[in-house]
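Observations on the three-dimensional arrangement
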Amino acid sequence: MRLIMLGAPGAGKGTQAKILSEEYSIPHISTGDIFRYNIQKKTALGTTAAKYIDDGILVPDDITLKLIVDRLEQEDCKNGFILDGFPRTIHQANMLDRHMSEGNMNIDMVIFISITHETAEKRITSRMVCKNCGASYNAIHRKPKIENVCDICGSEVIKRKDDNLDIILERLKTYEKETAPLISYYEKQGKIEKIYGQTTIEETTKRVLEALKKL
Ligand code: AMP
């Protein structure tokens, strides 16, 4: 199964992708997580990516495309994958389509989780993430059991540098301009499943699993 998670920052793409990754035993590929890993490890890629991420704008396509093509060619992607945060531009979607058809593969479904910008702002300003496994928490209603310690892997839970209000507004602007056009791009391909995302994680998962039954 080859899936794309689409939606504004804070929609719950990563959270749902992790759940689906467990459910279907296919890798969850988050370009944001790969960039953050490289920033933490102080690699050349990380240093370049940080310049864009810290401003809430997109990392240039040439960098992102190379990274994703390399990742998709790894052995664990043979039986499928869940893309989270990629593609984010029409150009990236075109390149992904090209890569897929060269390998005689198809994206099976694009799950578009829909939330308002108001919800996105609220969720992101209170979001905290595990530095190691990327598990997502919320400072108000979904705190880790032990303060700042990940329930899953025991690593430190932190606030992402780009999860502050100024940068969020920039990220939402970038989303509207660059990424939202992908909704009609994939609608034309008949691949979009729109999921109402202003509800609990469990309810959203239920709706996503229901949509996946169509495959
Ligand atoms: P995310 O974790 O998906 O919210 O991504 C965090 C940041 O990483 C974004 O705001 C972008 O700066 C960068 N990023 C992630 N995915 C992409 C992508 N597909 N294309 C360009 N930049 C990306």
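See the structure printed just above.
First, a word on what this report is: a plain description of the structure on this page. (Residues numbered from 1 in each chain as written. Predicted model: local features only at pLDDT ≥ 70, side-chain atom pairs only at ≥ 80, totals over all residues. Heavy atoms only, no water.)

1. Brief notes about the packing of aromatic side chains
If you walk through the whole model with that rule in mind, you get one aromatic pair. Relative to Tyr186, the ring of Tyr185 lies with its centre 4.9 Å away and its plane at 85°, an arrangement referred to as edge-to-face. What makes Tyr185 buried here is its relative accessible area of 15%. (Phe/Tyr/Trp six-rings, centres within 6.5 Å; stacked < 30°, edge-to-face > 60°. Buried < 20%, exposed > 50% of the residue type's maximum accessible area, 1.4 Å probe, protein only.)

2. Quick look at the sheet that holds strand β5 (residues 127-130)
With antiparallel pairing, three strands are arranged side by side in an open sheet as β6-β5-β7. Only two strands of the sheet have a single neighbouring strand rather than two, namely β6 (136-138) and β7 (157-158). Judged from the three bridges that link them, β5 and β6 form a sheet pairing that is antiparallel. The partner of Met128 across the bridge, within β6, is Tyr137. (Pairing = 2+ DSSP bridges. Helix = DSSP H or I, 4+ residues; strand = E, 2+ residues; numbered from the N terminus.)

3. A closer look at the side chain of Ser21
With respect to the helices and strands, the residue Ser21 is situated in helix α1 (residues 13-24). Not counting residues up to four positions away in its chain, the partners in contact with Ser21 are Ile26, Pro27, His28 and Ile82. (Contact = heavy atoms within 4.5 Å.)

4. Description of the environment of Ala93
Topologically, Ala93 is positioned in helix α5 (residues 90-102). Its relative accessible area of 0% is what places Ala93 among the buried residues. Sequence separation between Ala93 and Glu178 is 85 residues; the distance between their C-alpha atoms is 11 Å.

5. Things to note about the pairing of strand β3 (residues 81-84)
On β3, burial covers both faces: Phe81 and Leu83 on one face and Ile82 and Asp84 on the other are all buried. Relative to β3, strand β1 (residues 2-6) runs parallel, the two sharing four bridges. Within β3, the position partnered with Leu3 by the bridge is Ile82. Relative to β3, strand β2 (residues 28-30) is paired through three bridges, and the arrangement is parallel. What sits directly across from Ile29, in β3, is Leu83.

6. Thoughts on the site of the ligand
By nearness alone, 16 residues border the ligand, and Thr31, Arg36, Ile57, Gly85 and Gln92 come closest of all. In the environment of the ligand, a nitrogen atom lies 3.0 Å from a nitrogen or oxygen atom belonging to the backbone of Val59. Contacts to the ligand include Gln92, whose side-chain N or O atom sits 2.9 Å from a nitrogen atom. Compared with its free state, where it exposes 480 Å², the ligand has 96% of that area covered by protein. Considering every element that reaches the shell around the ligand, the biggest residue donor is helix α2 (residues 31-40), with four residues. Class assignment for the residues of the shell around the ligand results in six nonpolar, five polar and five charged. (Near = heavy atom within 4 Å. Polar contact = N/O pair within 3.5 Å; in protein donor to acceptor, adjacent residues only side chain to side chain. Areas by Shrake-Rupley, 256 points an atom, 1.4 Å probe, with all protein chains shown as cover. Nonpolar A, V, L, I, M, F, W, Y, C, P; charged D, E, K, R; others polar.)

7. A few points about unusual backbone geometry
A cis amide bond links Phe86 to the next residue, Pro87, at an omega of -5°. Within the element layout of this structure, Pro87 appears in the loop between β3 and α5. Phi at Lys42 takes a positive value of approximately 55°, unusual for a residue other than glycine. A positive phi is found at Asn104, a non-glycine position, where the angle reads about 50°.

8. What about the nonpolar core?
Core analysis: the largest hydrophobic core is formed by 43 residues, its most contacted members being Leu20, Leu72, Phe81, Leu83, Leu96, Ile111 and Tyr186. Looking at which element gives the most residues to this core, the answer is strand β4 (residues 109-114), with five residues. Counting residues in hydrophobic clusters, the runner-up holds six residues, among them Cys130, Ala135, Tyr137 and Cys150. (Core = buried A, V, L, I, M, F, W, Y, C linked by side-chain atoms within 4.5 Å.)

Nothing here speaks to function; it is geometry throughout.
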